[in-house]
Amino acid sequence: MGGISIWQLVIVLVIVMLLFGTKKLRNMGSDIGGAVKGFKKAVTDEEKKPLENDSGEIIDAKVEKAEEEKSKS
């Protein structure tokens, strides 16, 4: 079955550059990079942050216990 050759990729790249222009592509690339960096930071921060209930009580131990019970069954 046919795949995508390097020449087909080059043709697509040239067409995209003609349609959008290099400046707009550079801006889109930096915007996407910033969004990915922000997403990674949010995921990392969320994993480090302990969970709290409405009364402000930290419930990390309860979550770990629930996960241990699930893995036992």
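Residues numbered from 1 in each chain as written. Predicted model: local features only at pLDDT ≥ 70, side-chain atom pairs only at ≥ 80, totals over all residues. Heavy atoms only, no water.

Describing the overall build of the protein
Here is step 1 of the chain: Across its full length, the protein holds three helices and zero strands.
Here is step 2 of the chain: When the helices and strands of the protein are placed in sequence order, the string is α-α-α.
Here is step 3 of the chain: Across the 73 residues that make up the protein, the buried fraction comes to 1%. (Helix = DSSP H or I, 4+ residues; strand = E, 2+ residues; numbered from the N terminus. Buried < 20%, exposed > 50% of the residue type's maximum accessible area, 1.4 Å probe, protein only.)

Structural notes on a nonpolar patch on the surface
Here is step 1 of the chain: Together, I4, I6, W7, L9, V10, V14 and L18 make up an exposed nonpolar region whose accessible area comes to about 800 Å².
Here is step 2 of the chain: With respect to the helices, strands and loops of the structure, W7 is situated in helix α1 (residues 6-20). (Patch = residues over 30% accessible without salt bridge, like charges linked within 9 Å, V, L, I, M, F, W, Y side chains within 5 Å. Areas by Shrake-Rupley, 256 points an atom, 1.4 Å probe, with all protein chains shown as cover. Salt bridge = Lys/Arg side-chain N within 4 Å of Asp/Glu carboxyl O.)

Side note on α1
Here is step 1 of the chain: Helix length check: α1, at 15 residues, gives a terminal C-alpha distance of 21 Å against a target of 21 Å (1.5 Å per residue), a fit within 8%.
Here is step 2 of the chain: Positive phi appears at G21, one or two residues downstream of α1, with a value of about 85°. (Expected span 1.5 Å × (residues − 1).)

Quick look at the confidence of the model for the protein
Here is step 1 of the chain: Per-residue confidence for the protein gives a mean pLDDT of 76; residues scoring 70 or more make up 60%.
Here is step 2 of the chain: When pLDDT is averaged over each element of the protein, α1 comes out on top at 91 and helix α3 (residues 60-72) at the bottom at 54. (pLDDT = per-residue confidence, 0-100.)

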